[in-house]
Amino acid sequence: MIPTRQILTPDDLARFNESPACAELVDFLTSLNDSIIGVKTTDDIEDSQIVGQLLQVLEKVKQTNDSVKPIETNSRFGNPAFRDFYDSIEEKLPQWIADFVPAENIEEVAKYVQNSFGNRKRIDYGTGHELNFLAFLLCLHKLQIITAADHKALVIHVFFKYVAVMRGLQMTYWLEPAGSHGVWGLDDYQFLPFLFGAGQLRTHRHLRPKSIHNAEILDEFSKDYMYFECVRFVNSIKTGSLRWHSPMIDDISAAKSWEKVNLGLIKMFRAEVIGKLPIMQHFMFGSLIAFSGGSVSSDTAHGADDDGCGHGCSDHSQVYAFGQEFPDCCGIKVPSAIAAAKAEKDASSGPRNAFARPIPFD
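My aim in this report is to walk through the structure given alongside it, one point at a time.

## Some details on the side chain of Glu-176
Okay, step 1: With respect to the helices and strands, Glu-176 occurs in strand β3 (residues 176–177).
Okay, step 2: Residue classification places Glu-176 among the buried residues on the basis of a relative accessible area of 2%.
Okay, step 3: Within polar-contact distance, the side chain of Glu-176 engages the backbone nitrogen of Gly-78 at 2.9 Å.

If you want it as structure tokens, here you go:
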């Protein structure tokens, strides 16, 4: 079964947020989070067979990234070579997951994995794509392929490996932040690494949220705690202070404890990720994550990319009930901050070209 889009209007979204499917997503996320409270990224955690197989799939994705080189271009927007990467992954994924996913579920599960690497047409990535990777893991949980005993390794090894793979894609193809400037992604792209990272730190006796402003602490502890690694990464590609380029991360640092940060990010995930129509209108539902929402055309339900925005939103001119207008989901295209950092580095080592101008919030 191929998953289809079911959330079209605010009413659909409201029904979803009260549905068993939504509860399953939040409960699964909470269970993953609880499993890594107080756990360091560098702790010795044993991998089960399925965790090893998932890591192998992600390594194959990384190898595909390495083999599909970016096209030389003067643009700081997404590199068109990403589409070649995407097509290659789309073709190979069903074979890669066939070792552990039942044959009757491969098509459905592969769709979530595919969608977790970004949008082919817009060459962008955001929290909606990240959500698809969480949905992929939830599918494996519902198929009883993974168990609660795997949760710690799923976060520390599999999910953090996924983040590393996505960083590679962002660096290679300069993926644009989805939704103008990253819809609720704390670093333009990601949300969940911050959530899990705060979970790791919840029981730490000495490190506090304000510690992110100390460069020495970031350098020393980024290998042990994903939250610090995420902040370190943001600082490495953007100029200026956190208050300037990442005000939300800066605001969060004022919290008194990591527990408040962690629980607050879980609430924020529900309200600002799965509670937002511009994200959830693109999420797909099948037999494993089931929800029935508004009526949409067959092409739109299957996410056909036949329009200018690349999200299968048709022409945004359909007529709906009052108060249920189709949202302006995509916003304006924004260059990748990673691309801006690369351009600035190139400019410092040679003649500055016309495309190396600073952009807002670099």
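Having seen the structure, we can now continue with the description.
## As for the packing of helix α2 (residues 20–35) against helix α8 (residues 192–200)
Okay, step 1: Where α2 contacts α8, the two axes come as close as 8 Å, and the packing angle between them is 45°. Judged on the interaxial angle alone, α8 and α2 are oblique. You can see that α2 and α8 cross each other, and the crossing is right-handed. Of α8, the residues touching α2 (which contributes Leu-29, Leu-32 and Asn-33) are Leu-192, Leu-195, Phe-196 and Gly-199.

## Focus on the pattern of salt bridges
Okay, step 1: One pass over the full model with this rule turns up eleven salt bridges.
Okay, step 2: Of the charged contacts in the structure, one is a salt bridge between Lys-142 and Glu-24, with a shortest N-O distance of 3.0 Å. Here Lys-142 is found in helix α6 (residues 127–142), whereas its partner Glu-24 is found in helix α2, with 118 residues between them in sequence.
Okay, step 3: As a salt-bridge pair, Lys-276 and Glu-272 come within 3.3 Å of each other at their nearest N and O atoms.
Okay, step 4: Each of the salt bridges in this network shares a partner with another, and the network as a whole consists of Arg-167, Glu-229 and Arg-232.

## Some words on empty space enclosed by the protein
Okay, step 1: Tallied over the entire structure, the rule returns two cavities of 30 Å³ or more.
Okay, step 2: Of the pockets and cavities examined, the largest cavity occupies roughly 40 Å³.
Okay, step 3: In terms of lining, the largest cavity is formed by Leu-54, Val-57, Leu-58, Val-113, Phe-133, Phe-136 and Val-158.
Okay, step 4: For the lining of the largest cavity, the elements supplying multiple residues, two or more each, are α3 (49–67) and α6.
Okay, step 5: The biggest single contributor to the lining of the largest cavity is α3, with three residues.
Okay, step 6: Among the residues forming the lining of the largest cavity, the class breakdown is seven nonpolar, no polar and no charged.

## Looking at the nonpolar core
Okay, step 1: Phe-16, Tyr-227 and Leu-265 are the most contacted members of the largest nonpolar core, which has 103 residues in total.
Okay, step 2: The element contributing the most residues to this core is helix α7 (residues 151–173), with 13 residues.
Okay, step 3: Setting aside its immediate chain neighbours within four residues, Leu-265 contacts Leu-186, Phe-191, Phe-194, Leu-195, Ala-198, Tyr-227 and Ile-252.

## Points about the side chain of Arg-5
Okay, step 1: By the secondary structure assignment, Arg-5 is in strand β1 (residues 4–5).
Okay, step 2: Polar side-chain contacts of Arg-5 include one of 2.6 Å to the backbone oxygen of Gln-281.

## A closer look at unusual backbone geometry
Okay, step 1: A positive phi angle, near 55°, is found at Ile-123, a position not held by glycine.
Okay, step 2: Summarising the element assignment, Ile-123 is placed in the loop between α5 (106–115) and β2 (124–125).
Okay, step 3: Within the chain, Trp-174 stands out as a residue other than glycine whose phi angle is a positive 50°.
Okay, step 4: Examined against the element boundaries, Trp-174 turns out to sit in the loop between α7 and β3.

## Regarding α6
Okay, step 1: Spanning 16 residues, α6 covers 22 Å between terminal C-alpha atoms, matching the ideal 22 Å at 1.5 Å per step.
Okay, step 2: A large share of α6 lies buried, amounting to 14 of its 16 residues.
Okay, step 3: Immediately beyond the C-terminal end of α6, within one or two residues, lies Gln-144, with a positive phi of roughly 60°.

Reading the values: the criteria
- Residues numbered from 1 in each chain as written.
- Predicted model: local features only at pLDDT ≥ 70, side-chain atom pairs only at ≥ 80, totals over all residues.
- Heavy atoms only, no water.
- Helix = DSSP H or I, 4+ residues; strand = E, 2+ residues; numbered from the N terminus.
- Buried < 20%, exposed > 50% of the residue type's maximum accessible area, 1.4 Å probe, protein only.
- Polar contact = N/O pair within 3.5 Å; in protein donor to acceptor, adjacent residues only side chain to side chain.
- Axes fitted to C-alpha atoms, helices over the stretch in contact; angles between N-to-C directions.
- Parallel < 35°, antiparallel > 145°, perpendicular 65-115°, else oblique.
- Left-handed = near helix turned anticlockwise from the far one by under 90°.
- Contact = heavy atoms within 4.5 Å.
- Salt bridge = Lys/Arg side-chain N within 4 Å of Asp/Glu carboxyl O.
- 1 Å grid on protein atoms, 1.4 Å probe; cavity = no way out; pocket = protein on both sides within 12 Å on 5 of 7 lines; lining within 4 Å.
- Points joined across faces, edges and corners; volume = space filled by probe spheres on them.
- Nonpolar A, V, L, I, M, F, W, Y, C, P; charged D, E, K, R; others polar.
- Core = buried A, V, L, I, M, F, W, Y, C linked by side-chain atoms within 4.5 Å.
- Expected span 1.5 Å × (residues − 1).

These results come straight from atomic positions and should not be treated as a statement about function.
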